[in-house]
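Next come the chains, spelled out residue by residue.
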Amino acid sequence: MSEIPAKATESEDPSEGARARAVDGLASAVGGALAADGVRTGDAMWQSSPPGSIYDYIRVASFSIGPDGLVNQWSLRAEHLFGIPADRAVGMDPIEAFIDPRHRERGMRKMAEILDGREWTGVVPFRMPRGVEGECGHEGLAEVYVMPTRTEEGEKAAVCIVVDVRTLRTIETDLAASQAIFSQSPFGFLLIDPDLRVRRANQRFASIFGGTPDDHRGKGVHDYLQRGEAERVAATLRRVLETGNSITDMHVTGFVPGSDERRHWSVNLYRVHSGSGRPIGVAWLGTDITARRAAAREAAAARRNLALLNEAGARIGNSLDLETTARQLLDVVVPGFCDLATVDLYQGLLAGDETPPGLADGSAELRRVAFASAVSDAPFAGTGVPVAVGAVHHYPFNSPCADALRTARPQNVPGEDGGLVQSTLAVPMVAHDTVVGLVQFARTKGSEPFGDRDRDLAVELAARAAVCIDNARLYRREHERALILQRSLLPPGDPEASGLDIACRYLPGTVNTGRPSEVGGDWFDVIELPGHRTALVVGDVMGRGLRAAVAMGELRTAVRTLAQLDLEPAEVLSQLDEIARGLGAPGGVQQATRAARRPREADLSEVYLATCVYAVYDSVTRRCTFANAGHLPPVLVEPGEPALMLDVPPGMPLGVGGEPFEEVEVELPEGALLALYTDGLVESRDHPLDEGLQAFVSALSDPAHPSPGHHPSTTALRADSSQYLEDVCDHVLNTLDTHHGEDDIALLMARVQGLPTDSVGDWTLPREPRSVGRAREYARAQLLAWDMEPLVDTTELLVSELVTNALRYGEGEIRLRLLLDRTLVCEVWDSGLVQPRRRRARDTDEGGRGLQLVGLLSAAWGSRRTPRGKTVWFELPLPGGDTTLTDPAEALLSLF
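Residues numbered from 1 in each chain as written. Predicted model: local features only at pLDDT ≥ 70, side-chain atom pairs only at ≥ 80, totals over all residues. Heavy atoms only, no water.

**Student:** Hey, could you run me through the overall build of the protein chain in this one?
**Tutor:** In terms of helices and strands, the protein chain carries 22 helices and 31 strands. Put simply, the protein chain has 896 residues, and 47% of those count as buried. Across the protein chain, contacts joining residues at least 24 apart in sequence account for 63% of those joining residues at least 6 apart. (Helix = DSSP H or I, 4+ residues; strand = E, 2+ residues; numbered from the N terminus. Buried < 20%, exposed > 50% of the residue type's maximum accessible area, 1.4 Å probe, protein only. Contact = heavy atoms within 4.5 Å.)

**Student:** Would you mind going over empty space enclosed by the protein with me for this structure?
**Tutor:** Empty space among the atoms can be located by rolling a probe the size of a water molecule over them. This structure, assessed with the given rule, holds four cavities of 30 Å³ or more. Of the pockets and cavities examined, the largest cavity occupies roughly 320 Å³. Along its surface, the largest cavity is lined by 20 residues, and Pro-94, Ile-95, Ile-99, Val-124 and Val-144 are the ones closest to its centre. Those elements that place two or more of their residues in the lining of the largest cavity are β1 (60–65), α4 (94–98), α5 (104–115), β3 (120–127), β4 (139–150) and β5 (156–164). Here the lining of the largest cavity takes four residues from α5, the largest share from any one element. Per-class residue counts for the lining of the largest cavity are 18 nonpolar, one polar and one charged. (1 Å grid on protein atoms, 1.4 Å probe; cavity = no way out; pocket = protein on both sides within 12 Å on 5 of 7 lines; lining within 4 Å. Points joined across faces, edges and corners; volume = space filled by probe spheres on them. Nonpolar A, V, L, I, M, F, W, Y, C, P; charged D, E, K, R; others polar.)

**Student:** Quick question: what am I supposed to make of the nonpolar core here?
**Tutor:** Across soluble globular proteins, nonpolar side chains have a tendency to be buried as a group. Within the largest apolar cluster, 55 residues are counted, with the highest numbers of intra-cluster contacts made by Trp-523, Leu-536, Leu-576, Tyr-614 and Leu-748. Among the elements that make up this core, the one with the highest residue count is helix α14 (residues 546–564) (eight residues). (Core = buried A, V, L, I, M, F, W, Y, C linked by side-chain atoms within 4.5 Å.)

**Student:** It is not clear to me how the pairing of strand β6 (residues 188–192) should be interpreted in this structure. Could you clarify?
**Tutor:** Along any regular strand the residues' side chains alternate between the sheet's two faces. Of all five residues making up β6, four are buried, and the element is well covered by its neighbours. Here β6 runs beside strand β10 (residues 279–288); their pairing, made up of five bridges, is antiparallel. Note on β10: the bridge partner recorded for Phe-189 is Leu-285. Looking at chain direction, β6 and strand β7 (residues 198–201) are connected through three bridges and run antiparallel. Bridging across to β7, Leu-190 finds its partner in Ala-201. Between β6 and the antiparallel strand that follows it, β7, lie five residues; Leu-196 among them carries a positive phi value of about 60°. (Pairing = 2+ DSSP bridges.)

**Student:** Teacher, can you tell me more about the sheet that holds β7 here?
**Tutor:** Pairing between the strands of a sheet is mediated by backbone hydrogen bonds and can be parallel or antiparallel. Strand order in the open sheet made by the five strands is β7-β6-β10-β9-β8, with antiparallel pairing throughout. Each of the sheet's edge strands pairs with one partner strand only, and the pair in question is β7 and β8 (247–254). Taken over all neighbouring pairs, the strand axes of this sheet differ in orientation by 30° on average, direction set aside. Inspection of the sheet shows β8 paired to strand β9 (residues 263–273) by six bridges, in the antiparallel sense. The residue of β9 that forms the bridge with Val-252 is Trp-265. The sheet contacts of helix α6 (residues 165–184) involve β6 and β7, and relative to β6 the element is tilted by about 120°. Here helix α8 (residues 227–243) sits on the sheet in contact with β6, β8, β9 and β10, set at roughly 160° to β8. (Axes fitted to C-alpha atoms, helices over the stretch in contact; angles between N-to-C directions.)

**Student:** Sorry if this is basic, but what is going on with helix α9 (residues 290–315) here?
**Tutor:** An α-helical segment advances 3.6 residues per turn. Residues three or four places apart therefore align on the same side. When the terminal C-alpha atoms of α9 are compared, their 36 Å separation across 26 residues agrees well with the 38 Å that a helix rising 1.5 Å per residue should span. Taken residue by residue, α9 has Thr-290, Ala-301, Asn-305, Leu-308, Leu-309 and Ala-312 as its buried positions. Phi for Gly-317, located one or two positions after α9, is positive at around 95°. (Expected span 1.5 Å × (residues − 1).)

**Student:** Please explain the packing of aromatic side chains as it appears in this structure.
**Tutor:** The way to describe two aromatic rings as a pair is by their centre distance and the angle between their planes. Overall, the coordinates contain twelve aromatic pairs when judged by the stated rule. For the pair Phe-205 and Tyr-224, a centre-to-centre distance of 5.3 Å together with 75° between the ring planes defines the contact as edge-to-face. Placement of the pair is Phe-205 in helix α7 (residues 203–209) and Tyr-224 in the loop between α7 and α8, with a sequence separation of 19 residues. Both residues of the pair, Phe-205 and Tyr-224, count as buried. Where Phe-337 meets Phe-441, the ring centres are 5.5 Å apart and the plane angle is 90°; that geometry is what we call edge-to-face. With Phe-337 in the loop between α10 (322–333) and β11 (340–346) and Phe-441 in strand β16 (residues 434–444), the pair connects residues that are 104 residues apart, well separated along the chain. Here a set of aromatic residues connected by ring pairs shows up, and it is made of Phe-63, Trp-74, Phe-82 and Phe-98. If you follow Arg-406 out to its NZ or CZ, it ends over the ring of Phe-397, 4.2 Å from the centre. In this structure, Arg-815 is placed above the aromatic ring of Trp-829, and the distance from its NZ or CZ to the ring centre is 4.6 Å. (Phe/Tyr/Trp six-rings, centres within 6.5 Å; stacked < 30°, edge-to-face > 60°. Lys NZ or Arg CZ within 6 Å of the ring centre and 35° of its normal.)

**Student:** Help me out: how do you make sense of the layout of surface pockets in this one?
**Tutor:** Taken as a whole, the second largest pocket spans an internal volume of roughly 810 Å³. Lining of the second largest pocket is provided by 28 residues; of these, Asp-618, Trp-829, Arg-864, Thr-866 and Pro-867 occupy positions nearest its centre. Only β20 (610–618), β21 (623–629), β24 (663–667), β28 (814–820), β29 (823–830) and β30 (860–866) provide two or more residues apiece to the lining of the second largest pocket. Here the residues of the lining of the second largest pocket are counted per class, giving nine nonpolar, five polar and 14 charged.

What follows is the structure, given as structure tokens:
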């Protein structure tokens, strides 16, 4: 600045406007400060200004000039402003000390005028005098107000008040910036005083809550928020005032005037201080986050729905049981999606009907298969009378649930007045365009109502569960069919055999687990053979399902057919091997045999493999012949001895071909126990085969059960042996791990009860005509000894026919044997290899009617090859049985 103006009004300094605006701002600030301290403007009350007044913001100093133009008084604020202590400043010439040399001449004139009694106001550039160490002070700009005074002696002097202009400019800039931030902010801005009253509000806040910014002065948080929310916010404001800790992103909920929509704000709070650091209030900066909260809720709902769908995909359908699948659906949706839920399935579907009702009239019978509730002891009555789980019911034709079943579209059912349920979604379960049931999702009062997004999610969840339920229904149907087929191919009832007590068990893979599983190919059979012999068979077709069950049926039929041919065990397995190889070939056994000679890649899907053990027991000799095709070895328990596995050479499984089978003959002692079984009994995922076999042998050797030879007499043994075998079977199944349900279990146990010696009549006859008469005599005498007089005539006649045929067509010695057990068997042995063949004799033929007569009078007859020739036999029922004997005379007359 080049000159010093004489008066403020004459000042050409551009800071004059700034000074005026600063004074106005300071006045406003002073008014606010006074109001904040409880001093109302205009009141006739004085109060000392505490720290934090206006003087903390501007730099004001005062000093006085004596008649000689030198400083004679120097205030403390002057020391702070100029940095010169009073002892040094007193006596200084202010013009010489503070004015630039270029302006000192004019400064001297002004000083003379002041001392002459004139007031003066102006802006003066100054600089600090050199310090004690000689350094040059900084330059400044001050507004000076000089007021003439007089000393006590009446001499003219002056009092100077100095204000730092640069500080005023800084205050002006700060005020302008604060005003801009406060008024132009896009956020709601409040200044709240220590009494939690609004001291100032910006236009943005006023535009939301109505009125002008001045209309909100003096209001509290209770004027904007509901009571509970207002108390929470007020407590937070007090905590900020007390601690000075700022609050960031505090969520506040309320309503704006003229709207019932709940609004959400994010509020930042921080304490505001005066220049001296004294708290004077709290600044409130808020922004509306209602839309953001809504978007966040939508995103959270979408994430929740995706999580529910992922959980549904992972949990629903793990079981092929209808009820379990329904419960899995409810485990997913309660309580994550709804508070209560039920699943109803068509009763016809559960009963195994071929085709479920589908899009019927919606009033068909349903069964409540699952119910879940997140509310303790709350029945589901959202759509009428509560229905218990397992109960059969139906919905009225005009009800929303029946409409949902009928149209295959979801229906929203409002809750009843005074009830627990707010609303219910009735969603049909549709799989492959077929309605299989209805699922209801309900939310209690106070929960968020169902929206369109919830409706879509409910349909998707119901559709996924419906597909799983329909798959379970189809699987259950196929499983039941295969199980029926499999059971129909097993021996009906309790098998009976001559010289053996039989007990058996068959457990499908689903019996112990309770969950559906494919049936297997395990089977067993007890086949009666001529001469009171018995064939025992246990086998296992590899694989599971209907295909394995059908293959098992074919092999079992083939075994029974081959057994009736009275082939040796090894020969039976060889024929079975050919049949098994032909099961997977389009042309049967011959085609499979031809194809085996040509190198080709086998279609594994058409390969049928099976294991089988085949044993033939003769009750007369108590000898048993075994042949094994890759099966587990039989277990034998002799009286008083531990159980042991028989060393039967394991051949190749059936269907492999190319290897012969070996036979092993074992003599079984009286009362011995023989066990045949499949691998499901001794093998599982948790127990390897070796451990299972050892456990099986140990279970049969368990001393807690009576030894097979423990009974004191044969009569008591036979009377009690059936129950004994049943107890042994139960003991084995309870001891071993038979609850895994991974494979079928077949167990066949036989207790040896050989034919007593007095029940066998055996004679050798020479090859001469007199042998026919002797044979009749032997037979009569033996039958009378057995008290079988009603069979004497028929037996004599048939023995005569068989011995006569042996004399005429056979070779070597003739052997006659009578066996008495459940039936009477007569056998005639000779060394000839030619098998007798029954033919129909013409009316003019003299012979050829002997075998016809045998067929008419006997219950059964036949012939079989032996290692030394053949045996022709016939069988007669015992007197007193259900079968009546044919009169020989009538039989003879019927031949002519």
